[in-house]
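# An overview of the molecular structure
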Amino acid sequence: MLPTFRFAPSPNGYLHRGHAFSALLNARAADRTGGRFLLRIEDIDRTRSRPAFEAAICEDLAWLGLRWPEPVLRQSERFPAYQEALAALDRLGLLYPAFLTRAETNRLVAAGERAGRAWPRDPDGAVLYPGPERDWPESRRRAAMADGRPYALRLDMKRALAGLPALSWREEDPLAEAGDGALFEADPRAWGDVVLGRKEVPASYHLAVVVDDAHQSVTHVVRGLDLRPATAVHRVLQTLLGLPEPLYFHHRLILDADGRKLSKSRGSQAIRALRAAGSTPAAVIAGLGL
Ligand code: GLU
């Protein structure tokens, strides 16, 4: 199988040094293994994605010396494939429509916590969905969905895991000597009933990423350490949907001068800003320790 790597940015801001590190690592690993380096545009969030950011991302990556096959895959053009995956999970009886907004969920959990009932958070710090709809009969679900209120389709995690063996994944640094890998045990329960789709968009990050990694025959998923916990959810979805398991590597995060994770919203160290200030690709690459 041809080693296949991908860099999968969301076009909701400019690339910063952390993205550049990830893209360069993927491209080098593809070079080193004689494989492919793909660019995938993760633009399912129609409210935050902008064509201008996509164009800027491509321009910055090209400036860094990266090349990839065209046309690139855009997740906004893949909704039928996600719809199919949702239908498959629905046939397994593992989805339910969830109607509580984030504010309602937070209020419910806060009220419980004031009364002394601690409530778990997921690895990103969000409260786990309480899931009052989980045990609704089909007729009530259908009526509520027809009623016009917005909803999210959530995975009934407990039910999904009941039919599965313990899951794990393998990590290997694609640029290190062979044989230094490690096995990670997946802890998908920590995420609770994750969102897999919405009334208006038949996808979420978790669903789209596993469907497209399989669709593009991605053999190696190389991305930042902040996404390591999410891999547990991805392994569940791959197993339920019968998709192949890629090899993973979660790389160190590039921090700013204050030791904080770089963020698009703070405009941290955007590649374009470095370019405008007269930096060269070689200097950016050297600055990343590559
Ligand atoms: N689109 C995700 C991001 O920009 C990356 C997804 C992935 O690499 O799995 O954070």
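The text that follows walks through the structure, step by step, so that each part is easy to find. What you are looking at is a predicted structure, and each value in this text was computed from that prediction instead of being measured.

Of the regular secondary structure elements, the chain holds 10 helices and 10 strands. Taking 2.2 N^0.38 as the reference for a compact globule, 290 residues should give roughly 19 Å; the C-alpha atoms of the chain span a radius of gyration of 20 Å, in line with that estimate. On the principal axes, the C-alpha backbone points of the chain span a range of 60 × 40 × 40 Å. For the chain, the accessible surface area stands at approximately 14500 Å², while carbon and sulfur atoms represent 53% of it. In the chain, 40 positive and 35 negative side-chain charges are present, and the distance between their average locations comes to 3 Å.

To continue, consider the side chain of Glu-42. Along the polypeptide, Glu-42 turns up in the loop between strand S2 (36–41) and helix H2 (51–63). Among the polar contacts listed, one links the side chain of Glu-42 to the side chain of Gln-75, at a separation of 3.2 Å. Excluding anything up to four places from it in sequence, Glu-42 contacts Ala-8, Pro-9, Ser-10, Pro-11, Gln-75, Tyr-205 and Val-209.

Attention now goes to the nonpolar core. Counting 40 residues, the largest nonpolar core has Leu-89, Leu-155, Leu-196, Leu-207 and Leu-240 as its most contacted members. When residues of this core are traced back to their parent elements, those giving at least two are helix H3 (79–91), strand S5 (152–155), helix H6 (157–162), helix H7 (205–215) and helix H8 (231–241). Counting residues per element, this core draws most heavily on H8, which supplies 6 residues. Setting aside residues no more than four positions away along its own chain, Leu-155 makes contact with Leu-94, Leu-95, Tyr-96, Ala-160, Asp-193, Val-194, Leu-196, Val-236, Leu-237 and Leu-240. One finds Leu-15, Leu-61, Ile-254 and Ile-271 within the second-largest nonpolar core, a separate group that totals 29 residues.

To continue, consider the site of the ligand. Close contacts around the ligand come from Arg-6, Ala-8, Pro-9, Ser-10, Glu-42, Tyr-205, Val-209, Arg-223 and Leu-227, and that covers them all. Here Arg-6 contributes a side-chain N or O atom positioned 2.9 Å from an oxygen atom of the ligand. One nitrogen or oxygen atom from the side chain of Glu-42 is found 2.6 Å from a nitrogen atom belonging to the ligand. Expressed as a share of its isolated accessible area of 300 Å², the protein-covered part of the ligand is 77%. For the shell around the ligand, the residue count by class is 5 nonpolar, 1 polar and 3 charged.

Turning next to the environment of Leu-61. With respect to the helices and strands, Leu-61 occurs in helix H2. According to the relative accessible area criterion, Leu-61 is buried, its value standing at 0%. Measuring from C-alpha to C-alpha, the distance between Leu-61 and Leu-24 comes to 8.8 Å, with 37 residues separating the pair along the chain. Other than its neighbours up to four places away in sequence, Leu-61 contacts Phe-7, Leu-15, Ala-23, Leu-39, Leu-66 and Trp-68.

Each aromatic ring pair is specified by the distance between its two centres and by the angle formed by the two planes. Within the structure shown, the criterion is met by 5 aromatic pairs. Summarising the aromatic geometry, the rings of Tyr-14 and Phe-53 are spaced 5.1 Å apart at their centres and angled 80° between planes, so their arrangement reads as edge-to-face. Taken as a pair, Tyr-14 in the loop between strand S1 (4–7) and helix H1 (17–33) and Phe-53 in helix H2 lie far apart in primary sequence, 39 residues in all. Joined through ring pairs, the aromatic side chains of Phe-99, Trp-136 and Tyr-151 make up one cluster. Above the ring of Trp-136, the side-chain terminus of Arg-140 is found at 3.9 Å from the ring centroid.

Residues Ala-152 and Arg-154 line one face of S5 and the alternating positions Leu-153 and Leu-155 line the opposite face, and both faces are buried. Sheet topology places strand S4 (residues 95–98) next to S5; 4 bridges connect them, and they run antiparallel. The partner of Leu-95 across the bridge, within S5, is Leu-155. Relative to strand S8 (residues 195–198), S5 runs antiparallel, the two being bridged by 3 bridges. Of the residues in S8, the one forming a bridge with Leu-153 is Gly-197.

Parameters at a glance
- Residues numbered from 1 in each chain as written.
- Predicted model: local features only at pLDDT ≥ 70, side-chain atom pairs only at ≥ 80, totals over all residues.
- Heavy atoms only, no water.
- Helix = DSSP H or I, 4+ residues; strand = E, 2+ residues; numbered from the N terminus.
- Rg over C-alpha atoms; globule rule 2.2 N^0.38 Å.
- Areas by Shrake-Rupley, 256 points an atom, 1.4 Å probe, with all protein chains shown as cover.
- Lys, Arg positive; Asp, Glu negative; His and termini not counted.
- Charge placed at Lys NZ, Arg CZ, Asp CG, Glu CD.
- Polar contact = N/O pair within 3.5 Å; in protein donor to acceptor, adjacent residues only side chain to side chain.
- Contact = heavy atoms within 4.5 Å.
- Core = buried A, V, L, I, M, F, W, Y, C linked by side-chain atoms within 4.5 Å.
- Buried < 20%, exposed > 50% of the residue type's maximum accessible area, 1.4 Å probe, protein only.
- Near = heavy atom within 4 Å.
- Nonpolar A, V, L, I, M, F, W, Y, C, P; charged D, E, K, R; others polar.
- Phe/Tyr/Trp six-rings, centres within 6.5 Å; stacked < 30°, edge-to-face > 60°.
- Lys NZ or Arg CZ within 6 Å of the ring centre and 35° of its normal.
- Pairing = 2+ DSSP bridges.

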